[in-house]
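Residue-level structural notes
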Amino acid sequence: TVSKMVDLKVIKADLNEPNHCKHLIILLDAYASDIMGGGENLSEYTKDNLAAELKKLPQAHVFIAYSKSKYEKSEGSEEYSNKRIKTSSDDTEEWIPVGLAICFEGFSTFACKKLLNIHDLCVLSE
């Protein structure tokens, strides 16, 4: 077996931050278009409105996982050869979005405690 060490961080997304909103849509669209997510891309309406609508819900929580990796640019291209999302223009070593969790607060009547339901969970494949 081969194991690979990966720098990983998970943050609570700030839906006022344009890059977090962009990463939310990119990751959720990747999940939706996969067979596990239904096999169809998000509608343009959803892409355009999801972040704003989630922001209106105080019980909604979005978490984004980022990996720090080094990628080489394809010659003559602005894209990285592995097709991952470019998050800065000045370096090839960056934090890239690789996972997403969209959660909603709920309440357990049996335990009489608040809980956090995971509604969508995805991790990009390599």
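Just so it is clear, the structure is predicted and the values come from calculations on it, not from any experiment. Residue positions are given per chain, counted from 1 along the sequence in the order it is written. Residue-level local features of this predicted model are given only where pLDDT is at least 70; pairs of side-chain atoms are given and counted only at 80 or more, and the full residue set underlies all totals for whole chains, interfaces and linings. Heavy atoms throughout the structure, all of them, feed into the side-chain values; hydrogens and water do not.

**Looking at the packing of aromatic side chains**
Pairing of aromatic side chains requires ring centres within 6.5 Å, counting the rings of Phe and Tyr and the six-membered ring of Trp. Pairs whose planes differ by under 30 degrees are stacked, by over 60 edge-to-face, and all others tilted. Across all of its chains, the model carries 0 aromatic pairs by this definition. Two limits define a charge over a ring: the Lys NZ or Arg CZ must be within 6 Å of the ring centre, and within 35 degrees of the ring normal. In this structure, Lys 9 packs its charged tip against the face of Trp 95, placed 4.6 Å from the ring centre.

**Details of the nonpolar core**
If you look at soluble globular proteins, the nonpolar side chains tend to sit buried side by side. Within this scheme, the nonpolar core is defined by two criteria: the residues are buried Ala, Val, Leu, Ile, Met, Phe, Trp, Tyr or Cys, and they are joined through side-chain atoms within 4.5 Å. The classification of residues rests on relative accessible area computed with a 1.4 Å probe and restricted to protein chains. Under 20% of the type maximum is buried, over 50% is exposed, and intermediate values are partly exposed. Within the largest apolar cluster, 19 residues are counted, with the highest numbers of intra-cluster contacts made by Leu 15, Leu 24, Leu 54, Val 62, Ile 64, Leu 100 and Ile 102. By definition, any uninterrupted DSSP run of H or I lasting at least four residues is a helix, any uninterrupted run of E lasting at least two residues is a strand, and each is numbered from the N terminus. Listed by contribution, the elements that provide at least two residues to this core are helix H1 (18–33), helix H2 (44–55), strand E2 (60–70) and strand E3 (93–108). Per-element accounting of this core gives the leading share, 6 residues, to H1. The contact rule is simple, with two residues in contact once any of their heavy atoms fall within 4.5 Å. Those residues in contact with Leu 54, other than ones at most four positions away along the chain, are Leu 15, Leu 24, Ala 60, Val 62, Ile 102 and Phe 104.

**So, the layout of surface pockets**
Note on definitions: the grid is 1 Å and covers protein atoms alone; a cavity is a set of points where a 1.4 Å probe fits but cannot get out; a pocket is an open set with protein on both sides within 12 Å along at least five of seven lines; lining residues have an atom within 4 Å of a point. Grid points are joined across faces, edges and corners, and a volume is the space filled by probe spheres set on the points. By volume, the second largest pocket is sized at about 180 Å³. If you trace the second largest pocket, you find it lined by Leu 27, Ala 30, Tyr 31, Asp 34, Met 36, Cys 122, Val 123, Leu 124 and Ser 125. Elements that contribute at least two residues to the lining of the second largest pocket include exactly H1 and strand E4 (113–123). Here the element with the most residues in the lining of the second largest pocket is H1; it accounts for 3 residues. All residues other than Ala, Val, Leu, Ile, Met, Phe, Trp, Tyr, Cys, Pro, Asp, Glu, Lys and Arg, Gly among them, are scored as polar; the first ten of these are nonpolar and the last four charged. Here the residues of the lining of the second largest pocket sort into 7 nonpolar, 1 polar and 1 charged.

**So, the pattern of salt bridges**
Basic side-chain nitrogens of Lys or Arg form a salt bridge, by our definition, when they fall within 4 Å of a carboxyl oxygen of Asp or Glu. Here the structure, examined in full by the defined rule, presents 3 salt bridges. Measuring nitrogen to oxygen at the nearest pair gives 3.0 Å for the salt bridge that ties Lys 56 to Glu 53. Judged by relative accessible area, Lys 56 falls into the exposed class, the value being 58%.

**Points about H1**
Note: α-helices contain 3.6 residues per turn, so residues at a spacing of three or four share the same orientation. In this model H1 runs 22 Å from its N-terminal to its C-terminal C-alpha over 16 residues, within 8% of the 22 Å that 1.5 Å per residue would give. Of the positions making up H1, those classed as buried are His 20, Cys 21, His 23, Leu 24, Ile 25, Leu 27, Leu 28, Asp 29 and Ala 32. Residue count minus one, scaled by 1.5 Å, sets the expected span of a helix.

**What about the side chain of Asp 120?**
By secondary structure assignment, the location of Asp 120 is in strand E4. Charge counting treats Lys and Arg as positive and Asp and Glu as negative, with His and both chain ends excluded. For the buried Asp 120, which has no salt bridge, the nearest side chain bearing the opposite charge is Lys 47, at an N-O separation of 15 Å. Residue contacts for Asp 120: discarding those within four places in its chain leaves Leu 28, Tyr 31, Leu 100, Ala 101 and Ile 102.

**Thoughts on H2**
Along H2, the residues classified as buried are Leu 50, Ala 51 and Leu 54. Take H2 and look down its axis: the buried residues cluster within an arc of 85 degrees, on one side only. Turned more than 90 degrees off the buried face of H2, the exposed positions are Glu 44, Tyr 45 and Asp 48. The arc in question is formed by the directions pointing from the helix axis toward the C-beta atoms.

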